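An overview of the molecular structure
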Amino acid sequence: MTMAPTHRTVAFPSPVDLDRTWSVLQRGPADPTFRRNGRTIWRTSRMESGPVTFAVVQRDRHTIDAEAWGPGSEEMLTTLPQALGSDDDASRFDPVHPAVADAHRRFPGLRVPRTGRVLEALIGAVIEQRVVGKDAFTSWRRLLLRHGDAAPGATPDSMRVFPTPQTWASLPSWEWHRAGVDPQRYRTAQACARVAPQLERVCSRPDDRAAAYRALRSIPGVGVWTAAEVGCRALGDADAVPFGDFHLGHLVGVGLVGRRLHHDDEIAEALEPYRPQRYRAVRLLELSPLVRLERRGPRSPRVDHRAR
């Protein structure tokens, strides 16, 4: 028997760009938790109330329609506006550089999402540490297909729900090895899973991001880069700069000063005019047709003297 979906329509007073806002949530073109089917984006997630599948469509520049299936449906639809960036306020963003200003005009509906699903963002970021993005996406797909739950509802083929913290924490070493995840990364991922309830509780307070980042950074193996990758997805942080990312020096340097930057302090100086919305500037540079990106190298440094 096919379960009936739950519906919700979300209307925004200003434009929202579903595709570009949620593109950062997809981990590779074959992500088992994320599918594009025409104008519809299908996603799965594990809410506190249980697994959920949801299909989201942009009706017009201001309106999003959604259907959800599974035990987590009501919770997902309740938090959908935040996941679409309803709390993200770009009204005070000053795009001082021409490339940033051009992208800001081109993509007025770009928002920073706050999914609230901290462990989902965190495990994905840990898997991406120090490796080429394609390899990380393959590992993510293998782990989700093998250990994720079947997605509720009538979903596209091969969709899976993010495993429980208990599943992540108990995966034996050979399962990680089979998926191409080295011991340093899988031990970090399991450490994250073991403190998931405490972490989700601390990070659920949107008025205290400093506490959220302290909690994230307290986990061995989680540093500035990994915490920022969580911040710009799960916490709605428009200032979450992924310092240490292999591509960041090229993106910010070429985009803002005309040359690649090699050190975090140089990148920080170039982004300083955009505080407290530095990640928004970075995201706009990523989308800008005026900035040519390098796509070689690891997702983050192969060797990093700090915890990432």
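Residues numbered from 1 in each chain as written. Predicted model: local features only at pLDDT ≥ 70, side-chain atom pairs only at ≥ 80, totals over all residues. Heavy atoms only, no water.

For the chain, the helix and strand inventory stands at 14 helices and seven strands. Over its C-alpha atoms, taken along the principal directions, the chain stretches across nearly 60 × 45 × 35 Å. Split into buried and exposed, the 308 residues of the chain put 56% on the buried side. Sequence separation of at least 24 residues holds for 67% of the intrachain contacts in the chain that already meet a minimum separation of 6. (Helix = DSSP H or I, 4+ residues; strand = E, 2+ residues; numbered from the N terminus. Buried < 20%, exposed > 50% of the residue type's maximum accessible area, 1.4 Å probe, protein only. Contact = heavy atoms within 4.5 Å.)

Attention now moves to empty space enclosed by the protein. Within this structure, the stated rule accounts for three cavities of 30 Å³ or more. In this structure, the largest cavity encloses a volume near 150 Å³. Taken together, the elements giving at least two residues each to the lining of the largest cavity come down to strand 3 (40-47) and helix 4 (118-127). Looking at the lining of the largest cavity residue by residue, the classes come out as four nonpolar, three polar and five charged. (1 Å grid on protein atoms, 1.4 Å probe; cavity = no way out; pocket = protein on both sides within 12 Å on 5 of 7 lines; lining within 4 Å. Points joined across faces, edges and corners; volume = space filled by probe spheres on them. Nonpolar A, V, L, I, M, F, W, Y, C, P; charged D, E, K, R; others polar.)

This paragraph deals with the environment of Gln129. Of note, Gln129 is situated in the loop between helix 4 and helix 5 (133-147). The exposure class of Gln129 is buried, given its relative accessible area of 1%. Sequence separation between Gln129 and Val252 is 123 residues, and the spatial gap between their C-alpha atoms is 20 Å.

A few words on the side chain of Glu120. Secondary-structure assignment places Glu120 in helix 4. One buried charged side chain, Glu120, makes no salt bridge at all; its nearest oppositely charged neighbour is Arg43, positioned 4.4 Å away. There is a polar contact of 2.8 Å between the side chain of Glu120 and the side chain of Ser45. Beyond its immediate stretch of four places on either side in the chain, Glu120 contacts Arg27, Arg43, Ser45, Arg46, Trp140 and Phe162. (Lys, Arg positive; Asp, Glu negative; His and termini not counted. Salt bridge = Lys/Arg side-chain N within 4 Å of Asp/Glu carboxyl O. Polar contact = N/O pair within 3.5 Å; in protein donor to acceptor, adjacent residues only side chain to side chain.)

Within a regular strand, the side chains alternate between the two sheet faces. Of all the eleven residues making up strand 4 (residues 50-60), eight are buried; the element is thus mostly covered by neighbouring parts of the structure. Here eight bridges tie strand 3 to strand 4, and the two strands are oriented antiparallel to one another. Bridging across to strand 4, Thr40 finds its partner in Val57. Counting the residues between successive antiparallel strands, the hairpin from strand 3 to strand 4 contains two residues. Here seven bridges tie strand 4 to strand 5 (residues 63-69), and the two strands are oriented antiparallel to one another. Paired with Val56 across the strands is Ala66, a residue of strand 5. Hairpin connection between strand 4 and strand 5: a loop of two residues separates the two successive antiparallel strands. (Pairing = 2+ DSSP bridges.)

Purely geometric numbers; function is a separate question.
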